[in-house]
Amino acid sequence: MEAYEIRGGRPLSGAVTIHGAKNSALPILAACACISGTCRIDNCPDIADVDTAIAILSHLGCRAWREGRAVLVDAAGLCRCDVPQVLMGGMRSSVLFLGALLTRCGSAELAAPGGCSLGCRPIDLHLWAAEALGASWWCEGERLLCRAGTMAGCRLELRCPSVGATENALLMALGCPGTTVIANAAREPEIADLVRFLRAMGARVTGEDTAELTVEGCAPLHGGDYLVMPDRMETATYLCAVAGCGGELLLRGARPETLEAVTDALSRAGCRLEREAGGLRAAAPPRLQPPGCVITRPYPGFPTDAQAPLMAAVIRAGGTTGFVETIFENRLRHAEQLCRLGADITQYGARAVVRGVRQLRSTELCATDLRCGAALVIGALQAEEVSRVTGIGHIRRGYEDLAAGLRGIGADIALTAEA
Ligand code: EPZ
């Protein structure tokens, strides 16, 4: 097993290029299974979850391969509609093959999806959408089986703006005759990216960036090229890293308009953020001010995926910051790890109060999920001696070589074999 060894206590400076968005590339790759043609998905991040998506597509009989920054998928040869546990369990996005296979084959047989351990993470909304569109589903042991039957477009009002359920409902609606309206849809920019991809491949979908998506089903789909948007959460992670350490960064390719809740919080904390040359320049003082209470919300509210990195950024701030996690019931596990660094964090259920400290102590930390791992790296970058972060397989699932990116802006971070 490997670990990061990090010697912190120094500011960050320089430039970093933001990669393609994990949470956009993954639904787009699943959607390729609907299309009997070749799609070239450019700016795909080189991360473990994309490797898992390629493995699932290959298992289904598609040809899927990397060419530089692109992943190409030729789904003409898709010949099966089952995904085994060993592949489903690798990530949460494997559940999106439910919608893609229902549309392509009228049938799907899946195991439970994997993904970060953030709470229960049910898929009841995904199954509710399938049933509302006319499909039937049942379980046989650990397997979920779904059959299209006679599906028809209809109005779907989601109980909550679930990102994954919105994406799955979109993919299911592609194969349903008539009009499907997805109301109370999630509005994350990654969903707009999926809609733009689908439209580029011939789908008749409108309403992106709003809470109501409309699909005219059964449009003939064809292959084509698509460029994945930049990763909002990688951007937020680097912003929180420089905010926590102090210094100045240029984030090439960043789109600040897609994460205003994060840039607003960092501006309140004393960072100076300016658009520059197709990216974003961020300058941070040696010590932040508390940004006030941070409550996670569906987009455009403060994103839950940036909650852990921001908490790590404010552990040395000159005051108290409150956090309320409203999206996932178990997404404050990084708080306990940050306290091992000497942070002063008190947790009350889904709330946490962070009192800024002046000094941190290096120690060994263990990542329990993707954004927790990023937070622990940001915390360790603020402690003057050498800390170790284990469990970096979680980080590898969603960040393309985070250590190299941080080294490029002055961080002392090395990959070592875990003792
Ligand atoms: C997506 O997960 C993202 N993952 C998550 O990012 C992100 O945190 C989350 O959306 C919220 O923005 C990908 O896009 C691959 P949800 P998803 O369905 O789709 C409940 C990361 O770090 N819910 O919007 O699983 C659910 O339990 C990852 O990159 C149901 O109750 O999130 C949660 O409380 C972590 N029933 C809330 O909705 C359902 O059927 C939001 O979940 C589905 C969800």
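Whatever comes next refers back to the structure up there.
Presented here is a report on the structure given in the accompanying data block. All of these numbers come straight from a predicted model, not from anything done at the bench.

With that out of the way, let us pick up the layout of surface pockets. Volume-wise, the largest pocket comes out at about 1,100 Å³. Taken together, 44 residues line the largest pocket, and the ones lying closest to its centre are Arg-121, Val-163, Gly-164, Ile-327 and Phe-328. In terms of residue count, the dominant contributor to the lining of the largest pocket is helix H1 (residues 22-31) (four residues). Of the residues contributing to the lining of the largest pocket, the split by class is 20 nonpolar, eight polar and 16 charged. Taken as a whole, the second largest pocket encloses approximately 170 Å³ of empty space. Around the second largest pocket, the lining comprises 16 residues; the ones closest to its centre are Gly-9, Arg-10, Cys-245, Arg-316 and Gln-382. In the lining of the second largest pocket, the residues fall into seven nonpolar, five polar and four charged.

The next point concerns the sheet that holds strand S9 (residues 143-147). Taken in spatial order, the four strands of this open sheet run S6-S7-S9-S8, and their pairing is mixed. Either end of the sheet is taken by a strand with one partner, and the two such strands are strand S6 (82-83) and strand S8 (136-140). Both strand S7 (residues 107-110) and S9 contribute to a ladder of four bridges, which runs antiparallel. The residue of S9 that forms the bridge with Ala-108 is Cys-146. Strands S6, S7 and S9 of the sheet are contacted by helix H4 (residues 97-105), whose axis makes an angle of about 150° with S7.

Looking at H4, one finds that the buried residues are Phe-97, Leu-98, Gly-99, Ala-100, Leu-101 and Leu-102. Once H4 ends, the next one or two residues include Gly-106, with phi positive near 75°.

What follows covers the sheet that holds strand S17 (residues 279-284). The four strands are arranged S2-S15-S17-S16 in an open sheet whose pairing can be described as mixed. Either end of the sheet is taken by a strand with one partner, and the two such strands are strand S2 (12-17) and strand S16 (272-276). Strand-to-strand twist in this sheet, taken as the mean axis angle between neighbours without regard to direction, amounts to 15°. Relative to strand S15 (residues 247-252), S2 is paired through six bridges, and the arrangement is parallel. Counted as the bridge partner of Ala-15 is Leu-250 from S15. Along the sheet, helix H8 (residues 232-245) makes contact with S2, S15, S16 and S17, crossing S15 at roughly 170°.

Rules behind the numbers
- Residues numbered from 1 in each chain as written.
- Predicted model: local features only at pLDDT ≥ 70, side-chain atom pairs only at ≥ 80, totals over all residues.
- Heavy atoms only, no water.
- 1 Å grid on protein atoms, 1.4 Å probe; cavity = no way out; pocket = protein on both sides within 12 Å on 5 of 7 lines; lining within 4 Å.
- Points joined across faces, edges and corners; volume = space filled by probe spheres on them.
- Helix = DSSP H or I, 4+ residues; strand = E, 2+ residues; numbered from the N terminus.
- Nonpolar A, V, L, I, M, F, W, Y, C, P; charged D, E, K, R; others polar.
- Pairing = 2+ DSSP bridges.
- Contact = heavy atoms within 4.5 Å.
- Axes fitted to C-alpha atoms, helices over the stretch in contact; angles between N-to-C directions.
- Buried < 20%, exposed > 50% of the residue type's maximum accessible area, 1.4 Å probe, protein only.

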